[in-house]
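Listed here are the chains, written in short residue letters.
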Amino acid sequence: RYVGRKDSQIKSRGYRIELGEIEAALNSLGCLRECAVVGVETGGFEGTMICCAYVPDGDEALSPLSLKQRLSSLVPRYMLPARWHTYDELPKNPNGKIDRSKIRDTFSSEQSDDADPSGQAPASTEVAR
């Protein structure tokens, strides 16, 4: 069982969720080079939206839908990310660590783009249903 830091705990849809536990499950799948799970405030009753940025391992195309299906065998449904973003390499801060705030900002700006009257999701992010 994953025991993580308190600051990566969020509340989403009434559940307290440890984001590191989702990352640990994703990493155990063996199909990702690296991943980061972040929470993005929705401003609604759902609380915080779970978002996953990932880098596939190897040349295999890995869709958010297939990744979500694999992950669903390891974590409860309420812990599955709602948004997914594929990267060639995750953004890093000057210390070489994954820049979670930059990833969070990317998802936040794409969420505000979703308010577009056309109703189309941004091209760079997929919503796996």
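Just above, that's the structure.
Nothing here was measured: the structure is a model prediction, and the numbers come from that model.

Chemist: For this particular structure, what's the right way to read the overall build of the chain?
Modeler: Across its full length, the chain holds three helices and five strands. Walking the chain from its N terminus toward its C terminus, one meets helices and strands in the order β-β-α-β-β-α-β-α. Taking all 129 residues of the chain together, the buried fraction comes to 40%. Long-range contacts, defined as pairs at least 24 residues apart, comprise 57% of the intrachain contacts of the chain with a sequence gap of at least 6. As presented, the chain carries roughly 7,600 Å² of accessible surface, and 46% of it is formed by carbon and sulfur atoms.

Chemist: Is there a simple way to think about helix H1 (residues 19-28) in this case?
Modeler: Taking burial as the measure, the ten residues of H1 include seven buried ones, the bulk of the element. Within the sequence span of H1, burial applies to Leu 19, Gly 20, Glu 21, Ile 22, Glu 23, Ala 25 and Leu 26. Gly 30 sits one or two residues past H1 and shows a positive phi near 80°.

Chemist: Even after reading the chapter, I still don't get the side chain of Asp 99, so can you show me in this structure?
Modeler: Take Asp 99: it is sitting in the loop between strand S5 (83-86) and helix H3 (100-113). Within the buried set, Asp 99 has no salt-bridge partner at all; the shortest N-O distance to an opposite charge, 5.7 Å, is to Lys 102. Looking at Asp 99, its side chain comes within polar contact range of the side chain of Ser 101, at 2.9 Å. Ignoring anything within four residues of it in the chain, the contact list for Asp 99 reads Pro 91, Lys 92 and Asn 93.

Procedures and definitions
- Residues take numbers from 1 onward in each chain, read along the sequence in its written order.
- It should be noted that, the model being predicted, local features are given only for residues of pLDDT at least 70 and side-chain atom pairs only at 80 or more, the latter also being counted only at that level, while totals for whole chains, interfaces and linings use all residues.
- Side-chain measures here rest on the full set of heavy atoms in the structure, leaving out hydrogens and waters.
- Per the convention used, a helix needs a DSSP run of H or I reaching at least four residues, while a strand needs a run of E reaching at least two, with both numbered from the N terminus.
- Partly exposed describes any residue whose relative accessible area lies between the buried limit of under 20% and the exposed limit of over 50%, with all areas from a 1.4 Å probe on protein chains only and scaled to the type maximum.
- By the convention used here, residues are in contact when the closest approach between their heavy atoms is within 4.5 Å.
- Accessible areas in this description were obtained via Shrake-Rupley with a 1.4 Å probe; residue shielding takes into account the shown protein chains only.
- The convention is simple: Lys and Arg are positive, Asp and Glu are negative, and His and the chain ends are not counted.
- A pairing counts as a salt bridge when a side-chain nitrogen of Lys or Arg comes within 4 Å of a carboxyl oxygen of Asp or Glu.
- Under this definition, polar contacts are N or O atom pairs within 3.5 Å; protein pairs additionally need one hydrogen-donor-capable and one acceptor-capable atom, and for neighbouring residues in sequence, both atoms have to be side-chain atoms.

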